[in-house]
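Chains, contacts and geometry: an overview
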Amino acid sequence: MPIKPPIYWNTTAEIFILDQRKLPRKEQYLACRSLRQVVNAIKKLAIRGAPAIGLAIAVGVALEAQKIEVDDVQVFVKKFEKMCKNASEARPTAVNLIWAIERMRAVIIENPGADVDRLKKNLWKMAEKIRDENIELDMAIGRHGQDLVKDGMNVLTYCNTGTLATGGCGTALGIIRTAWKRGKRIHVYVCETRPLLQGSRLTAWELLNDNVPMTLVTDNSVGYLMETKKIDIVIVGADRIATNGDTANKVGTYTLAVLAKENGIPFYVAAPLSTFDPAIKKGSNIPIEVRDDKEVTHLNGKKIAPVGVRAYNPAFDVTPGKYIWGIVTENGIAKKPLGRSLKRLLTRTR
Ligand code: MRU
């Protein structure tokens, strides 16, 4: 059975977001009729994963634009720009959010003579294009990356990079899915991914649904697994990639990369080129989201840490490019030196 889409719509007045906080217990969609509701869903992680965040913000902006009731294009553009500025603050690390907003802004900039009705239609079309592209890009990433996964391999993955995170077959998970569909007998170790358990709740759910052999492990067991030769390859996703190849992804990814290097295990990142940020030269410049203490001190809404204990909860970390064997994109695999190779891939067509 295919996984339900993380976001869908039937009209331009309402969009539905699968509430990933409730998965796998409940498959419940949130109905959103405003950009504010979409931004809130992103902030609260009802929808998450870099490409899905980009898609959600694009359609959220298109939705809100439909509600601007003016005939004057200049007034429309002013309101639209204000809306985009507010939307860009939903989450700071995944660059796909800013990338998607820029694509929506480009619709206005590239249609200087269009009236308000035409702009509204084109904005909606652009959101639909981003949705369709996510599906195609994931398939291309899967095709390029599946060669890295050999028959009989044990693959380790982190967080959730599947349908729930992109709307397509996924990035790192798309590679795993493609290898499995091509008949390779693989097995996947899924890290829980504390504190919000995107691995045990979401990735395990997606792999189980596809009947891919899988074992759930705690994040802190990875050193032991690697040292005892249980892992052949690590494939993870990305939220933002600097021009030198340094990569921000779910906190804990850096730990996996260092351990992989120490144990001589290939470590790959999979991401669409929209996750590449040409304005950021090195990883230390990537903004890292710090989330609520409660995500650490509480579990399922219940306090587990003693009263008065404070927590520090960075949601992402940066893996220096030197630990990354390659970055699988829709245009091919960027190899070392990552910076130069990524630049070449950006201009290549599939
Ligand atoms: O906080 P999240 O769940 O949005 O973090 C998601 C990740 O870190 C993913 O690995 C990344 O966005 C890639 S999704 C294809």
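Refer to the structure printed above.
Definitions and cut-offs
Residues numbered from 1 in each chain as written. Predicted model: local features only at pLDDT ≥ 70, side-chain atom pairs only at ≥ 80, totals over all residues. Heavy atoms only, no water. Pairing = 2+ DSSP bridges. Helix = DSSP H or I, 4+ residues; strand = E, 2+ residues; numbered from the N terminus. Axes fitted to C-alpha atoms, helices over the stretch in contact; angles between N-to-C directions. Polar contact = N/O pair within 3.5 Å; in protein donor to acceptor, adjacent residues only side chain to side chain. Core = buried A, V, L, I, M, F, W, Y, C linked by side-chain atoms within 4.5 Å. Buried < 20%, exposed > 50% of the residue type's maximum accessible area, 1.4 Å probe, protein only. Contact = heavy atoms within 4.5 Å. Salt bridge = Lys/Arg side-chain N within 4 Å of Asp/Glu carboxyl O.

Let us look at the sheet that holds strand β4 (residues 154-157). Spatially, seven strands are ordered β6-β5-β4-β7-β10-β14-β15 in an open sheet, and the strand pairing comes out mixed. One side of each edge strand has no neighbouring strand; the edge strands of this open sheet are β6 (214-217) and β15 (332-334). Within the sheet, the average angular offset between the axes of one strand and its neighbour, ignoring direction, is 25 degrees. When strand β5 (residues 187-191) meets β6, the two strands line up parallel, connected through four bridges. Across the sheet, residue C191 finds its bridge partner in β6, namely V217.

Looking now at the environment of D72. With respect to the helices and strands, the residue D72 is situated in the loop between α2 (50-66) and α3 (73-87). Put simply, D72 and T319 are 247 residues apart on the chain and 48 Å apart in space, counted from C-alpha to C-alpha. Side-chain polar atoms of D72 contact the backbone nitrogen of Q74, separated by 2.8 Å.

Now for the nonpolar core. I7, I15, I57, F76, F80, M104 and L123 are the most contacted members of the largest nonpolar core, which has 47 residues in total. Elements with a contribution of two residues or more to this core: β1 (7-9), β2 (15-18), α1 (35-43), α2, α3, α4 (96-109) and α5 (116-145). If one sorts the elements of this core by residue count, α2 sits on top with 12 residues. Every residue in contact with L123, bar those within four places of it in the chain, is listed here: A62, A65, F76, F80, M104, V107 and I108. I231, I241, L256 and I265 belong to the second-largest nonpolar core, a separate cluster that totals 30 residues.

Pairs can form between side chains of opposite charge once their charged atoms are near each other. Considering all chains together, one arrives at 18 salt bridges under this definition. The shortest N-O distance in the salt bridge between D277 and R240 comes to 2.7 Å. Within this pair, whereas D277 is found in the loop between β10 (267-270) and α11 (294-297), its partner R240 is found in strand β8 (residues 240-241), the two being separated by 37 residues in sequence. In this structure D277 comes out as buried when scored by relative accessible area, which is 8%. Under the relative-accessibility criterion, R240 is labelled buried at 4%. Residues joined in a network through salt bridges with shared partners are R91, E289, R291 and E295.

By themselves, these figures tell us nothing about what the structure is for.
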